[in-house]
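Understanding the architecture of this molecule
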Amino acid sequence: MRHRRRTALIAVGTLTAGLLLTTPQSASAANLVQNPGFETAGTGDMPYCWSKSGWGDNDFTFETVADAHSGSKAMKVTLTRRLEGDRKALITESASCAPAVVPGKQYDLGLWYKTTTPDANLTLFRHDTTAGWQYWTDLKTLDMAGSWTEATVRTPEVPAGTDRISWGVSVYGTGSATTDDYTMEQVPDVTPPPQCTGTAAECANGRWDVLPVQNPVRSMHSVVLHNGKVLLIAGSGNSEELFEAGTFTSAVYDPVNGTYKIVPTPKDMFCAGHVQLQDGRVLVMSGNKGYPSADGTIGYQGYKDSYIFDPVTETYSKTNDMNDGHWYPSATVLGNGDVISFGGLKEDSTGSVTAELWSDAEQKWLELWKVNQTWSYWGLYPSMILMQDGRLFYSGSHVFGNNIPGTGSAIYDYGANSVTQVPGLQRKDERDQSASVLLPPAQDQKVLTLGGGNIESNPDGNRLTDIIDLKQPNPAYTAGPPIPQGTVDLGNGPVPQTGAQGKMYVSAVLLPDGKVLETGGALHNRANPVYETSIFDPETETFDQVAADPEARGYHSSAFLLPDGRVMTTGDNPGNGSWNHNVSIYTPPYLLKGQRPTITSVIDTEWTYGDTQRITVDRPIAKAELIRPAAVTHSSDPNQRFVDLPLSVDGNNIDLNVTSNPNLAPPGWYMLFAVDANGVPSVAEWVHLSGPAALSATDASAHVHSFADDLSGKVTGPGKKRAAQKVGPTVSGCDRHYGSANVCVPTNFPPTVKATTKSRCDWLKKNDYGPLNLNGKDDPLNLDRNNDGRACGKKDLGSR
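Procedures and definitions
- Residues numbered from 1 in each chain as written.
- Predicted model: local features only at pLDDT ≥ 70, side-chain atom pairs only at ≥ 80, totals over all residues.
- Heavy atoms only, no water.
- Salt bridge = Lys/Arg side-chain N within 4 Å of Asp/Glu carboxyl O.
- Helix = DSSP H or I, 4+ residues; strand = E, 2+ residues; numbered from the N terminus.
- Buried < 20%, exposed > 50% of the residue type's maximum accessible area, 1.4 Å probe, protein only.
- Disulfide = S-S within 2.5 Å.
- Pairing = 2+ DSSP bridges.
- Axes fitted to C-alpha atoms, helices over the stretch in contact; angles between N-to-C directions.
- 1 Å grid on protein atoms, 1.4 Å probe; cavity = no way out; pocket = protein on both sides within 12 Å on 5 of 7 lines; lining within 4 Å.
- Points joined across faces, edges and corners; volume = space filled by probe spheres on them.
- Nonpolar A, V, L, I, M, F, W, Y, C, P; charged D, E, K, R; others polar.
- Core = buried A, V, L, I, M, F, W, Y, C linked by side-chain atoms within 4.5 Å.
- Contact = heavy atoms within 4.5 Å.

**Notes on the pattern of salt bridges**
Scanning the model with the defined rule gives 34 salt bridges in all. Between Lys267 and Asp305 there is a salt bridge, with its nearest N and O atoms 2.7 Å apart. Taken together, the residues Lys267 in the loop between strand 15 (259-264) and strand 16 (273-276) and Asp305 in the loop between strand 19 (301-302) and strand 20 (306-310) connect sequence positions 38 residues apart. A relative accessible area of 12% means that Asp305 is categorised as buried. For Asp429, the salt bridge goes to Lys428, with nearest N and O atoms at 3.3 Å. Given the relative accessible area of 27%, Asp429 is considered partly exposed. If you follow the salt bridges from partner to partner, you end up with Lys267, Asp305, Lys318 and Asp321 in one network.

**Let's talk about the state of the cysteines**
Tallied over the full model, the rule gives 4 disulfides. Disulfide partner of Cys196: Cys203, at an S-S distance of 1.8 Å. With the S-S bond torsion at 85°, the cross-link from Cys196 to Cys203 turns out right-handed. Between the sulfur of Cys761 and that of Cys792 lies a disulfide, 2.0 Å long from S to S.

**Brief notes about the sheet that holds strand 27 (residues 392-394)**
For sheets, the rule is that strands pair by backbone hydrogen bonds, running either parallel or antiparallel. On the basis of which strands lie adjacent, the open sheet formed by 5 strands has the order 26-27-28-29-55 and antiparallel pairing. Strand pairing shows two members of the sheet lacking a second neighbour, strand 26 (384-386) and strand 55 (715-716), which therefore form its edges. Note that strand 27 and strand 28 (residues 410-413) share 3 bridges and pair antiparallel. Across the sheet, residue Leu392 finds its bridge partner in strand 28, namely Tyr412.

**Regarding the sheet that holds strand 54 (residues 685-690)**
The strand order 46-54-53-48-50 describes an open sheet built from 5 strands, whose pairing is mixed. With one partner strand each, in any of the chains shown, strand 46 (606-608) and strand 50 (642-644) form the two edges of the open sheet. Put simply, the sheet's adjacent strands are angled 40° from each other on average, direction ignored.

**Considerations on empty space enclosed by the protein**
For the coordinates displayed, the defined rule picks out 12 cavities of 30 Å³ or more. Its volume calculated, the largest cavity comes out at about 140 Å³. What lines the largest cavity is a set of 18 residues, among which Asn121, Asp138, Leu139, Thr659 and Ser660 lie closest to the centre. Per-element tally for the lining of the largest cavity: the top contributor is strand 7 (residues 132-141), with 6 residues. Along the lines of polarity and charge, the residues of the lining of the largest cavity split into 5 nonpolar, 10 polar and 3 charged. Considering only enclosed or pocket space, the second largest cavity measures out at about 90 Å³ in volume. For the lining of the second largest cavity, the residue count by class is 6 nonpolar, 6 polar and 1 charged.

**A look at the nonpolar core**
The biggest cluster of nonpolar side chains holds 48 residues, and the ones touching the most others in it are Leu450, Leu517, Phe560, Leu561, Val567 and Met568. When residues in this core are grouped by element, the largest group, 4 residues, is from strand 53 (residues 668-675). Ignoring any residue separated from it by four or fewer positions in sequence, one finds Phe560 in contact with Ser222, Val224, Val230, Val509, Arg566, Val567, Met568, Thr570, Ala630 and Val632. Membership of the second largest hydrophobic core comes to 36 residues, among which are Val617, Val658, Ala674 and Val687.

Encoded structure:
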């Protein structure tokens with residue numbers, strides 16, 4: 001795992017008063033770069049409008065040389081020794097030199113170069129009218145070239161608030177890059193306006209369709225496979241009866257023909273963890289070893305077993321065991337293809353403090369002594385998102401009750417084995433079953449966390465959103481816009497939400513147009529479904545409320561992107577133990593804007609880091625990206641990411657520039673989308689991304705700009721070695737004195753329910769709870785007033 005980088009020190013050259021300026025030469029009539037061939041002298045030893053830049057521990061030289069592509073001069077940047085960092089000649093970051101740009105527009109950049117190192121990259125900075133100059137993105141890795149070679153690339157759409165950009169070639173390995181004849185031209189608008197192909201309401205808000213065929217299994221785990229099918233894992237499906245019978249199920253759904261295939265499932269994978277390995281197989285870790293005892297003295301138990309699902313044979317095979325049981329574990333794939341996992345409940349129902357590491361090289365879970373340990377308890381399904389520098393960001397999204405101690409979010413450095421608190425997360429103990437996503441594009445390193453509640457104290461689900469920029473030296477959450485309100489079913493049909501009512505159990509899905517769909521949820525613990533769907537725009541940080549899923553999607557629901565650009569939602573498991581087998585499909589507005597672009601060919605589906613890969617399309621596109629397929633459960637998919645692919649355009653031939661950093665796009669199968677200027681995506685093609693050993697996550701050759709380095713929050717190292725974290729038997733928020741293990745009578749009722757037998761029993765009746773047996777002799781909620789062993793009976797509701 002890559003260690004963090006130091007903060008970049010950007011040296012910006014300034015022009016001295018009285019400088020004699022000659023007219024800058026232009027490489028083309030529309031060229032926006034001043035002095036593109038370095039022919040005009042500036043101050044010191046740098047040409048006019050060019051400055052030295054870079055950071056880190058390295059030895060370097062900047063030279064204006066006579067070995068030019070045209071004219072008499074070129075710029076040569078050389079690294080003779082490198083431990084970390086880079087050096088680059090950049091367009092001077094000033095109003096007089098940096099090209100002016102228009103937000104929302106794209107620009108074609110070009111240059112001629114020669115290199116003696118494979119570690120050279122075209123890098124952009126942008127000037128934000130509020131925040132000033134900042135790193136934007138790396139666009140293209142330059143192939144080694146002994147003779148003059150042209151490189152071209154198209155920028156993404158210029159972000160809002162940007163008025164100028166600066167760019168140049170970064171050298172981040174020993175060797176040199178000589179460059180000349182820079183060009184920059186604005187891309188003309190050629191895409192015709194969209195044409196609505198549905199009703200006016202559908203074109204504005206999209207459309208939901210409930211499929212005629214139900215999901216045959218009680219699945220709460222959804223994994224999109226690289227053949228386009230969907231693995232739906234149920235295990236016992238939160239049914240104690242199925243568990244006792246040993247009936248464990250999965251299904252494979254084919255979106256093309258709408259069919260399901262039941263798959264033999266060897267163990268109860270109910271509430272396991274899962275992630276796609278780089279070869280496309282699915283690693284499934286832990287699951288349910290046992291349900292709670294009727295008296296509540298024993299909670300859920302997680303087993304140590306681990307399995308791999310093969311999409312080709314559609315079968316499970318066993319791996320070696322984990323070191324601990326982990327019911328509700330995290331699962332994050334790393335830049336070298338390894339998988340790291342934290343949290344969950346052990347075989348004895350205590351909380352696991354053991355970090356687990358799956359070795360991609362050895363194809364097994366490593367022995368405990370080979371894995372760095374902080375002996376920290378991260379809770380259940382902690383959302384651990386891989387950062388660009390190889391560290392992990394714990395976003396604060398989790399399940400079951402209060403958050404971990406501290407600020408509720410943190411950055412974990414595996415190499416240093418340290419945890420740094422990150423401030424700013426609002427109401428950190430009410431983010432149970434919130435959702436967190438790495439916003440598009442992954443290069444921006446921004447995370448959105450939204451919604452949540454607390455199944456133990458059971459307040460109203462909230463409307464909170466928080467956004468963090470992990471590129472900042474000291475990242476901190478800032479409050480985002482509130483989630484729009486919809487309707488909520490409080491027991492007598494949907495009514496408009498009021499006050500601060502929001503939702504927990506929310507799902508968030510990355511869309512190919514660069515936006516985020518949030519949908520589903522409920523107001524309280526396994527009760528009161530909320531019907532509301534919105535699309536979040538990371539560019540403007542605003543929500544656009546759209547059509548709502550007509551089906552309840554609370555606890556144990558999933559939402560995920562299909563390769564055709566639609567979104568599928570499944571499941572809902574209210575506290576009475578029932579299950580919603582209906583499946584909904586959302587058609588976003590972008591699929592109702594007219595003809596879709598088509599990827600007519602992909603020259604090569606095997607990609608490596610730093611590649612330039614060619615595709616052909618049937619008409620102009622504005623962008624292309626890789627989206628990692630979903631592996632989602634309980635509002636959590638920390639591996640979900642959208643990786644921008646800068647374009648080099650030659651008519652319908654598009655060269656895609658693949659990131660050189662495996663931490664941005666961990667190895668594996670990805671959906672490749674081409675998107676036009678109206679945001680209309682193609683159907684995805686599948687490509688496989690991997691890398692040579694030189695680009696493994698422990699190697700320094702991948703280009704990683706510095707950010708989030710000098711953290712000022714509280715830093716802790718490894719604690720004292722311990723076996724487990726004590727966890728209360730009500731960790732699932734259910735009072736086990738009543739009903740069966742999969743029926744969830746709230747430990748705390750919603751605030752609107754009075755603490756009386758009648759009020760509580762009325763609430764249970766409205767939420768379709770059937771007869772409830774009393775387990776044992778204790779009646780803490782006072783639901784069995786006549787002591788006949790049956791809660792909420794007629795005699796319990798009589799007056800006394």
